[in-house]
Amino acid sequence: MASRVAVHAALADPARLRIVDVLSVGDASPTDLASMLGMRSNLVAHHLQTLTDAGVVTRRRSEGDRRRTYVRLLPHALAPLSSTTVMAAQRVLFVCTANSARSQLAAALWCRASELPATSAGTHPAERINPGAVGVAQRRGLALVSASPQRLDDVLREGDLVVSVCDRAHEELPDVPMLHWSVPDPVGAEDGAAFDLAFDDLATRVDALARHVHCA
């Protein structure tokens, strides 16, 4: 936590962010940085010292002109910016109201991103998976996990990490510990691309969560 705070504090300045942007693609001398960013040399020196103290950058003396130094962004220096939250679960259970679209897609995406088992359910399951969800899954090369919608009460078990992907389901279950993703409902949307938008939203969220969950 202390290292995360230090990195956040070091980057809490537009000038230092600009320096990090430059160094993300290559090394540069302090003189180069001053020229590229239009900063005074003493200001560059101040910012580089702050970044060095936070463990973000390091300096190396030139093998040519020994009076010159080059600054580089340390590998994984920005890793502390990422959340270190770790959760344990036996299974991930995605929930929406009808279990006909968003939760079905989320479970299928999870099975592609993680070895931890996943399934889906609904608070008021529909009779079948929505054709729009089936269509976007086929277009994106994704195999849906469930053949038909399932009722949450029949599926929920101890050890599940419950993730609601529907505002209605989340608000209907105030006593169920869960994570919530407020994903717009593509069913009935006037926008023909609604299912693709929901798919992309869920894919991004699934990939992010998968990095923080391990098998209990």
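Note: the structure precedes this text.
The rules we used
Residues numbered from 1 in each chain as written. Predicted model: local features only at pLDDT ≥ 70, side-chain atom pairs only at ≥ 80, totals over all residues. Heavy atoms only, no water. Buried < 20%, exposed > 50% of the residue type's maximum accessible area, 1.4 Å probe, protein only. Helix = DSSP H or I, 4+ residues; strand = E, 2+ residues; numbered from the N terminus. Pairing = 2+ DSSP bridges. Right-handed = clockwise from strand over helix to strand, strands pointing away. Salt bridge = Lys/Arg side-chain N within 4 Å of Asp/Glu carboxyl O. Phe/Tyr/Trp six-rings, centres within 6.5 Å; stacked < 30°, edge-to-face > 60°. Axes fitted to C-alpha atoms, helices over the stretch in contact; angles between N-to-C directions. Left-handed = near helix turned anticlockwise from the far one by under 90°. Contact = heavy atoms within 4.5 Å. Nonpolar A, V, L, I, M, F, W, Y, C, P; charged D, E, K, R; others polar. Core = buried A, V, L, I, M, F, W, Y, C linked by side-chain atoms within 4.5 Å.

This paragraph deals with the pairing of strand S5 (residues 118–122). Side chains on a regular strand alternate between the two faces of the sheet. Counted residue by residue, S5 has five buried out of five residues, so it is predominantly covered. Looking at chain direction, strand S4 (residues 91–96) and S5 are connected through five bridges and run parallel. Each residue of the ladder has a partner; that of cysteine 96, found in S5, is glycine 122. Between the parallel pair S4 and S5, the chain is carried across by helix H5 (residues 102–113), and the sense of this crossover is right-handed.

Within the secondary structure layout, alanine 147 lies in the loop between helix H6 (131–139) and helix H7 (152–155). Sequence spacing of alanine 147 and arginine 128 is 19 residues, and the spatial spacing of their C-alpha atoms is 8.3 Å.

Within the structure shown, the criterion is met by eight salt bridges. Note that aspartate 196 is salt-bridged to arginine 139, the shortest N-O span being 3.0 Å. Here aspartate 196, found in helix H9 (residues 194–210), pairs with arginine 139, found in helix H6; they are 57 residues apart in sequence, far enough to count as distant. A salt bridge links arginine 140 to aspartate 196; the shortest N-O distance between them is 3.2 Å. With a gap of 56 residues between them, arginine 140 in the loop between H6 and H7 and aspartate 196 in helix H9 connect regions that are remote in the sequence. By relative accessible area, arginine 140 is classed as partly exposed at 29%. When salt bridges with common partners are traced through the structure, they connect Arg139, Arg140, Asp196 and Asp200 into a single cluster.

Glancing now at the packing of aromatic side chains. Think of a pair of aromatic rings as described by two things: how far the centres are apart, and how the planes are tilted against each other in angle. Here the structure, examined in full by the defined rule, presents two aromatic pairs. Measuring from ring centre to ring centre gives 6.2 Å for phenylalanine 94 and tryptophan 110, while their planes differ by 55°; the resulting arrangement is tilted. Here phenylalanine 94 is found in strand S4, whereas its partner tryptophan 110 is found in helix H5, with 16 residues between them in sequence. For phenylalanine 94, a relative accessible area of 0% gives the class buried. Since its relative accessible area comes to 0%, tryptophan 110 is described here as buried.

Two elements in contact, H6 and H9, have axes whose closest approach is 9 Å; the angle formed by their N-to-C orientations is 65°. Handedness of the crossing formed by H6 with H9: right-handed. Residues Gly132, Ala133, Val136 and Arg139 of H6 form the contact with H9, whose own contacting residues are Phe195, Asp196 and Phe199. Here the residues of the contact of H6 with H9 sort into four nonpolar, one polar and two charged.

The next thing to look at is the nonpolar core. Membership of the largest hydrophobic core comes to 42 residues, with the highest contact counts inside it found for Phe94, Trp110 and Trp181. At eight residues, the largest contribution of residues to this core is made by H9. In this structure, Ala28, Met39, Leu48 and Ala54 belong to the second largest nonpolar core, which totals 21 residues.

Once that is clear, we can look at unusual backbone geometry. In this structure, histidine 76 takes a positive phi of about 65° despite not being glycine. Here histidine 76 lies in the loop between strand S2 (69–73) and strand S3 (87–89). For histidine 76, a relative accessible area of 70% gives the class exposed. The residue asparagine 99 is not glycine, and still its phi comes out positive at about 55°. Judged by its relative accessible area of 0%, asparagine 99 falls in the buried class.

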